[in-house]
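Residues per chain, in single letters:
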Amino acid sequence: MEEGTAFKNLNTSDSKKSSRIIWIVFILAGLSGIGWWFVIASKKDQQLEIQKPIPQKIEGEFFLLEKLQAGQFADGYAEGEKLIVQHPDSEFILKMTALLYFGEGLQRHDRVVLERAEDLFTHLYTKNPNDFAIILSIAQTKGLLARPEEGILLLEQTLQNFPEQETAIFFELGKLHDQAGNRERAYTYLQKASKQISPLDTRVSGAYFLLGRLELQEDMHPNQKNMREMQKYISKLIDPRRTNAERAMGYALLSELEHTKNNQSQAIDAAKKAIALEPNSAAWQHALGEVLLEGHANEKDIFYTNRLDEAITTLEKSLQSQNGKMLSHSYYLLGVAYQLNEENDKAQKMWREGLRIVPIDPFFPQWFKKTVKKNLESALERPEQFLVK
């Protein structure tokens, strides 16, 4: 048993356990619709190049672009809707408005807003079915709306028509298959993507991170081979030549590996290194909060009370961070921490909010979100299960 004080064991034998640091929808390195990056894979070496669209000098276009860059999505898409009425044929306005809805949907956990983004992306697709960036954005939005299978079908068809884009498609297919719970297919596509990008290219880090996470078994008991493979990806990510953000991924992955072994102190140290490298990351705050509060033993959850105040502060930071307000598991854990701290009303509020957003939480695959949903429902129904005995 770790040095933390375990107060309660919760039987979870009927629900598969997952590593829970994060299941990122990677909004980085040109692999997301946010910012309207055009992702182009060179036929020569499969390196990814990034290009941005150019406004067409219609009044209001730069306003939309500024709102997108500033993260003021609601103000932006409200104006975008007016501009669409005035200039229905402007692809730039349609694209910017779709991205503003996309960003607001992520920020507010709002399915309706994400569905409007999907509508606009789909409309753009009917106007220009050869715009790869639109296709990629549609697939990503379908994943966010808990319909990864539809995104997979779209990208598999796209691969036949855009073979020069296969690196970006492989990466996105890996993420979508992972969300859908197709572990082997996810691993295959991510391996293909990682081999086509230079080892020191910043964009390969996302593939390494997900590949490392896929080595974790759902029952939280990785075998020696899994752990060796996971350590291989950790070593690639924490290479001193990599950026702080990439190295943070590596230490977060290391934290999760130690977490599966129930090495609380080592897991905490690794998570703190990730935060030191990327202080504003909601994901790494979540990682630290998790290992401060929760452990595993004999297919049961163990909640530690020796660092309860620190766990609460850290999980609150995770949910307050601008870039990570949809970690539904953070809501569950923070609710547990509040309940342990005898702040029952706060606990209920966290669990209800977590239950509301879990369907569109982009950070976890579908099968794990079912576990989170089940845990949230159980906590709301039987909060007394967390009483110290």
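Residues numbered from 1 in each chain as written. Predicted model: local features only at pLDDT ≥ 70, side-chain atom pairs only at ≥ 80, totals over all residues. Heavy atoms only, no water.

1. Some thoughts on the packing of helix α15 (residues 328-340) against helix α16 (residues 344-357)
Packed helices, taken two at a time, are described by their axes: the angle between them and the distance between them.
And then number 1: Closest axis-to-axis distance for the α15/α16 pair is 8 Å, and the angle between their directions is 165°. Judged on the interaxial angle alone, α16 and α15 are roughly antiparallel. Like other packed secondary-structure pairs, α15 and α16 cross with a definite hand, here left-handed. Taking contact as the criterion, the partners of S328, Y331, Y332, L334, G335, V336, Y338 and Q339 in α15 are, on α16, N344, K346, A347, M350, W351, E353, G354 and I357.
And then number 2: Broken down by class, the residue content of the contact of α15 with α16 amounts to nine nonpolar, five polar and two charged. (Axes fitted to C-alpha atoms, helices over the stretch in contact; angles between N-to-C directions. Helix = DSSP H or I, 4+ residues; strand = E, 2+ residues; numbered from the N terminus. Parallel < 35°, antiparallel > 145°, perpendicular 65-115°, else oblique. Left-handed = near helix turned anticlockwise from the far one by under 90°. Contact = heavy atoms within 4.5 Å. Nonpolar A, V, L, I, M, F, W, Y, C, P; charged D, E, K, R; others polar.)

2. As for the nonpolar core
And then number 1: With 108 residues, the main nonpolar core has W284, L293 and Y332 as its most contacted residues.
And then number 2: No other element matches helix α3 (residues 91-108), which puts 10 residues into this core. (Core = buried A, V, L, I, M, F, W, Y, C linked by side-chain atoms within 4.5 Å. Buried < 20%, exposed > 50% of the residue type's maximum accessible area, 1.4 Å probe, protein only.)

3. Focus on the side chain of D110
And then number 1: Structurally, D110 is set in the loop between α3 and α4 (111-127).
And then number 2: Engagement of the side chain of D110 in a polar contact is seen with the backbone nitrogen of V112, the distance being 2.9 Å.
And then number 3: Residues within four places of D110 in sequence aside, it is in contact with G105 and I360. (Polar contact = N/O pair within 3.5 Å; in protein donor to acceptor, adjacent residues only side chain to side chain.)

4. Some remarks on helix α17 (residues 366-381)
And then number 1: Its 16 residues give α17 an end-to-end C-alpha distance of 23 Å, which sits within 8% of 22 Å, the value for a rise of 1.5 Å per residue.
And then number 2: Along α17, the residues that are buried comprise Q366, W367, F368, K369, T371, V372, N375, L376 and A379.
And then number 3: On its buried face, α17 sits against α5 (132-144), α6 (148-161), α7 (166-180), α8 (183-196), α15 and α16. (Expected span 1.5 Å × (residues − 1).)

5. Concerning unusual backbone geometry
And then number 1: Its identity as a non-glycine residue notwithstanding, A146 has a phi of 65°, on the positive side.
And then number 2: Examined against the element boundaries, A146 turns out to sit in the loop between α5 and α6.
And then number 3: A relative accessible area of 25% means that A146 is categorised as partly exposed.
And then number 4: For N262, which is not a glycine, the phi torsion comes out positive at approximately 65°.

6. With respect to the packing of aromatic side chains
And then number 1: The final tally for this structure, using the stated rule, is eight aromatic pairs.
And then number 2: On the numbers, 5.7 Å between centres and 35° between planes, the contact of F170 with Y189 is tilted. Here F170 is found in helix α7, whereas its partner Y189 is found in helix α8, with 19 residues between them in sequence.
And then number 3: Classification of F170 as buried rests on a relative accessible area of 7%.
And then number 4: Among the aromatic residues, those joined into a ring-pair cluster are F303, W351 and F386.
And then number 5: Above the plane of the ring of F170 lies K192, whose end atom (NZ or CZ) is 5.3 Å from the centre. (Phe/Tyr/Trp six-rings, centres within 6.5 Å; stacked < 30°, edge-to-face > 60°. Lys NZ or Arg CZ within 6 Å of the ring centre and 35° of its normal.)

7. A short note on α15
And then number 1: In this model α15 runs 19 Å from its N-terminal to its C-terminal C-alpha over 13 residues, within 8% of the 18 Å that 1.5 Å per residue would give.
And then number 2: With 13 of 13 residues buried, α15 is to be regarded as a mostly interior element.
And then number 3: Two residues or fewer past α15, E342 is found with a positive phi of approximately 65°.

8. Concerning the pattern of salt bridges
And then number 1: This model, assessed by the stated rule, comprises 16 salt bridges.
And then number 2: Ionic pairing is found between K142 and E118, a salt bridge with its closest N-O pair at 2.9 Å. Here the residue K142 occupies a position in helix α5, and E118 occupies one in helix α4, the gap between them amounting to 24 residues.
And then number 3: Classification of E118 as buried rests on a relative accessible area of 8%.
And then number 4: A single network of salt bridges, built from pairs that share partners, joins E118, K142, R147 and E150. (Salt bridge = Lys/Arg side-chain N within 4 Å of Asp/Glu carboxyl O.)

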